[in-house]
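# Reading the structure
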Amino acid sequence: MENILLIGFMGVGKGTTARAYAKKYGIYNIDTDDLIESKENRRIPKIFKKKGEAYFRKLEQETADWIECCVRNTLISCGGGFYQVKNLKKLGTVVLLDASYDWIYHRLSSAKNAEKKLAKRPLFSEPKKAKKLYSQREKAYKKVADLIVNVEGKSMEEILEEIRKGVESLASK
């Protein structure tokens, strides 16, 4: 099995899905944002504030290079902008978790720990900016994806099964 990369807009459920998939199928899972935070010893909002977006994108590329070199048979949950790394297609099968902006916002704002989920994603405090970014990224996500899984209205079990079947189908081609 090669790596599986979960991409999609912030808040769509990449981390939650990755943890559930890894547990169900007994594989390792890593998160690119967690790797970057660990390497820098600071949270992503602080990295952006102190060093800027260009520096953060450089860290994402370094993380992608490390994954290409050293990571196998792993499910990788990617930050919202990670789809832009130069070697994305060399890292594994790219699975887009797709949903509408309104569904994502509702998912976050109605969660039992909504305040924490929204605070982790400060862009959602400015809905117009967040929606604009979503619109900018929507086509780009679909362009780089090997598999698109719409997560709206589906149980976690249905999402996991769709990913597994889709990845297996792609691997047999």
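Higher on the page you've got the structure.
Described in the following lines is the structure provided in the data block. The model shown is predicted, which means the values in this text are computed figures rather than measured ones.

## Structural notes on unusual backbone geometry
With a phi angle near 55°, Asn-41 is a residue other than glycine that sits in the positive phi range. Relative to the elements of secondary structure, Asn-41 occurs in the loop between α2 (32–40) and α3 (44–51).

## Let's talk about the packing of aromatic side chains
In this structure the tally under the stated criterion is six aromatic pairs. Summarising the aromatic geometry, the rings of Tyr-21 and Tyr-25 are spaced 4.6 Å apart at their centres and angled 50° between planes, so their arrangement reads as tilted. Taken together, the residues Tyr-21 and Tyr-25, both in helix α1 (residues 14–25) and four residues apart, mark about one turn of the helix. Residue Tyr-25 is classed as partly exposed on the basis of its relative accessible area, which comes to 27%. These aromatic residues form a ring-pair network of at least three members: Phe-9, Tyr-101, Tyr-105 and Tyr-134. It is Lys-51 that lies over the ring of Tyr-55; its NZ or CZ is 4.8 Å from the centre.

## What to know about the environment of Val-95
When you line up the elements, Val-95 lands in strand β4 (residues 93–98). Those residues in contact with Val-95 that lie beyond four places of it in its chain are Ile-4, Leu-5, Leu-6, Ile-7, Leu-147, Val-149, Ile-163 and Val-167.

## Brief notes about the pattern of salt bridges
Across all of its chains, the model carries 13 salt bridges by this definition. One salt bridge connects Glu-161 with Arg-164, and the closest N-O pair in it is separated by 2.4 Å. Within this pair, Glu-161 and its partner Arg-164 are both found in helix α8 (residues 156–171), separated by three residues, close to a single helical turn. When salt bridges that share partners are traced, they join Glu-161, Arg-164, Lys-165 and Glu-168 into one network.

## Brief notes about α2
Those residues of α2 that fall on the buried side of the exposure criterion are Thr-32, Ile-36, Glu-37 and Glu-40. The buried side chains of α2 occupy one side of the element, clustering within an arc of 135° when seen end-on. Summarising the contacts, the buried residues of α2 are in contact with β2 (28–31), α3, α4 (53–70) and β3 (74–77). Sitting at the head of α2, Asp-31 places a side-chain oxygen 2.8 Å from the backbone nitrogen of Asp-33.

## Section: the nonpolar core
In terms of nonpolar packing, the biggest core is built from 42 residues, with Phe-82, Val-95 and Ile-163 touching the most fellow members. Apart from the residues lying within four places of it in its own chain, the contact partners of Ile-163 are Leu-6, Thr-17, Tyr-21, Val-95, Leu-97, Leu-147 and Val-149. Among the nonpolar cores identified, the runner-up in size contains five residues, and Ile-36, Ile-44, Ile-47 and Phe-56 belong to it.

The rules behind these values
Residues numbered from 1 in each chain as written. Predicted model: local features only at pLDDT ≥ 70, side-chain atom pairs only at ≥ 80, totals over all residues. Heavy atoms only, no water. Helix = DSSP H or I, 4+ residues; strand = E, 2+ residues; numbered from the N terminus. Phe/Tyr/Trp six-rings, centres within 6.5 Å; stacked < 30°, edge-to-face > 60°. Buried < 20%, exposed > 50% of the residue type's maximum accessible area, 1.4 Å probe, protein only. Lys NZ or Arg CZ within 6 Å of the ring centre and 35° of its normal. Contact = heavy atoms within 4.5 Å. Salt bridge = Lys/Arg side-chain N within 4 Å of Asp/Glu carboxyl O. Arc of directions from axis to C-beta. Polar contact = N/O pair within 3.5 Å; in protein donor to acceptor, adjacent residues only side chain to side chain. Core = buried A, V, L, I, M, F, W, Y, C linked by side-chain atoms within 4.5 Å.

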